[in-house]
Amino acid sequence: MSERRPFIAGNWKMHKTLAEARALARAIRQGVAPDRRAEVGLAPPYTALAAVAAELAGSDIRLAAQNAFWEKQGAFTGAVSPAMLADVGCHYVIIGHSERRQHFGETNDTVNRRLKAVLENGLAVILCVGETLDEREAGQTFEVVRTQLREGLAGVAAGADRLVIAYEPVWAIGTGKTATPQQAQEVHAFIRSLLREFMGPAAEAIRIQYGGSVTPDNAATLLAQPDIDGALVGGASLKPEMFLPIINAAG
Ligand code: PGA
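Keep in mind it's a predicted model, so treat the numbers as computed, not measured.

What counts as what
Residues numbered from 1 in each chain as written. Predicted model: local features only at pLDDT ≥ 70, side-chain atom pairs only at ≥ 80, totals over all residues. Heavy atoms only, no water. Salt bridge = Lys/Arg side-chain N within 4 Å of Asp/Glu carboxyl O. Helix = DSSP H or I, 4+ residues; strand = E, 2+ residues; numbered from the N terminus. Near = heavy atom within 4 Å. Polar contact = N/O pair within 3.5 Å; in protein donor to acceptor, adjacent residues only side chain to side chain. Areas by Shrake-Rupley, 256 points an atom, 1.4 Å probe, with all protein chains shown as cover. Nonpolar A, V, L, I, M, F, W, Y, C, P; charged D, E, K, R; others polar. Buried < 20%, exposed > 50% of the residue type's maximum accessible area, 1.4 Å probe, protein only. Pairing = 2+ DSSP bridges. Core = buried A, V, L, I, M, F, W, Y, C linked by side-chain atoms within 4.5 Å. Axes fitted to C-alpha atoms, helices over the stretch in contact; angles between N-to-C directions. Left-handed = near helix turned anticlockwise from the far one by under 90°. Contact = heavy atoms within 4.5 Å. Phe/Tyr/Trp six-rings, centres within 6.5 Å; stacked < 30°, edge-to-face > 60°. Lys NZ or Arg CZ within 6 Å of the ring centre and 35° of its normal.

Pulling in residues and values, what's your account of the pattern of salt bridges?
Side chains that differ in charge, positive against negative, can pair when their charged atoms come close. Inspection of the entire model under this criterion finds 15 salt bridges. The partner of R146 in a salt bridge is E197, and the shortest N-O contact between them spans 3.2 Å. With R146 in helix α7 (residues 141–152) and E197 in helix α8 (residues 181–199), this pair connects stretches of sequence that are 51 residues apart. Between E151 and R150 there is a salt bridge, with its nearest N and O atoms 3.7 Å apart.

Here you go:
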């Protein structure tokens, strides 16, 4: 395992009422070991951010949002600005999740605009990249990931402490089909080489999470890979009995 502190984040997606969100946040807070190795983050839906912030107050668990718009304020119905997310207590914002790209027309350009706005507001970013099944089968994985990273990070000179990359092969998200540790490591090492190319030596400290059907059963072998520095967890983050063992798998 590298010296990078592993980062395990739960992406709750469009799940949890207020009462459910409070209960889940409380269970995670009570269940994590104080001396654990991993940094832990929770990304509830916007509606539950304030309630989860209150549950996490005084703990070292980080609050994360699932997206942000790039404008500061104004007539943008339905949008939420990075400043609002900072105000509610977020530390991280997930940007460019494949579900945003697939269902909401997110492009590398809009990903880049959101990402820069998040950084400008003093928040940290989890930038998601990853290929579809068709792209993998056509041998385009590296090319797709390279374009997503190059265009997503255009004009960005963030320090490693405020940038996390999540490699999430689209075919592994919510499907129960995890990338093998070797498949994931291969792309993670490629991502690190790209980060070196774009950012120089700072790349060594940037955490690269794996995402896609991470469970308590596969977390340890994935996290043992040299360039896998954590996990972005969807389905298994909705239940403490699944999420806590994944955090523990990071040491
Ligand atoms: P999953 O989702 O763990 O349910 O596959 C991961 C993600 O989309 O971040």
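If you had to explain the site of the ligand to someone new, which residues and values would you point to?
In the vicinity of the ligand, 13 residues are found, and the nearest of them are K13, H97, E168, G174 and S213. Between the ligand and K13, the relevant distance is 2.8 Å, taken from an oxygen atom to a side-chain nitrogen or oxygen of the residue. Side-chain polar atom of E168 to an oxygen atom of the ligand: 2.6 Å apart, as the coordinates give it. Contact with the protein chains hides 95% of the accessible area of the ligand, taken as 280 Å² for the molecule alone. Partitioning the shell around the ligand into residue classes produces 4 nonpolar, 7 polar and 2 charged.

An account of the pairing of strand β1 (residues 7–11) is requested, with residue identities and associated values reported.
Here β1 lies mainly inside the structure; 5 of its 5 residues are buried. On β1, burial covers both faces: F7, A9 and N11 on one face and I8 and G10 on the other are all buried. Relative to strand β2 (residues 39–43), β1 is paired through 5 bridges, and the arrangement is parallel. Its bridge partner lying in β2, F7 is registered against E39.

Help me get a handle on the nonpolar core, residues and values and all.
Grouped together as the largest cluster of nonpolar side chains are 66 residues, with contacts concentrated most on I8, I165 and I191. The greatest single-element share of this core, amounting to 7 residues, is contributed by α8. In this structure, F7, I94, V164 and L232 belong to the second largest nonpolar core, which totals 12 residues.

Quick one: what's the story with the packing of helix α1 (residues 18–31) against helix α10 (residues 240–249), residue by residue and with numbers?
Remark: α1 packs on α10, axes separated minimally by 10 Å, with the N-to-C direction vectors making an angle of 35 degrees. Where α1 crosses over α10, the two elements pack in a sense that is right-handed. Taking contact as the criterion, the partners of L24, A27, I28 and G31 in α1 are, on α10, P240, F243 and L244.

So what's going on with the packing of aromatic side chains? Which residues, and what values?
Counted according to the given criterion, the structure contains 5 aromatic pairs. When the centroid spacing of 5.1 Å and the interplanar angle of 55 degrees are considered together, the rings of F69 and F76 count as tilted. Each member of the aromatic cluster is reached from another via a ring pair, and the members are F69, W70 and F76. If you follow R100 out to its NZ or CZ, it ends over the ring of F104, 4.0 Å from the centre.

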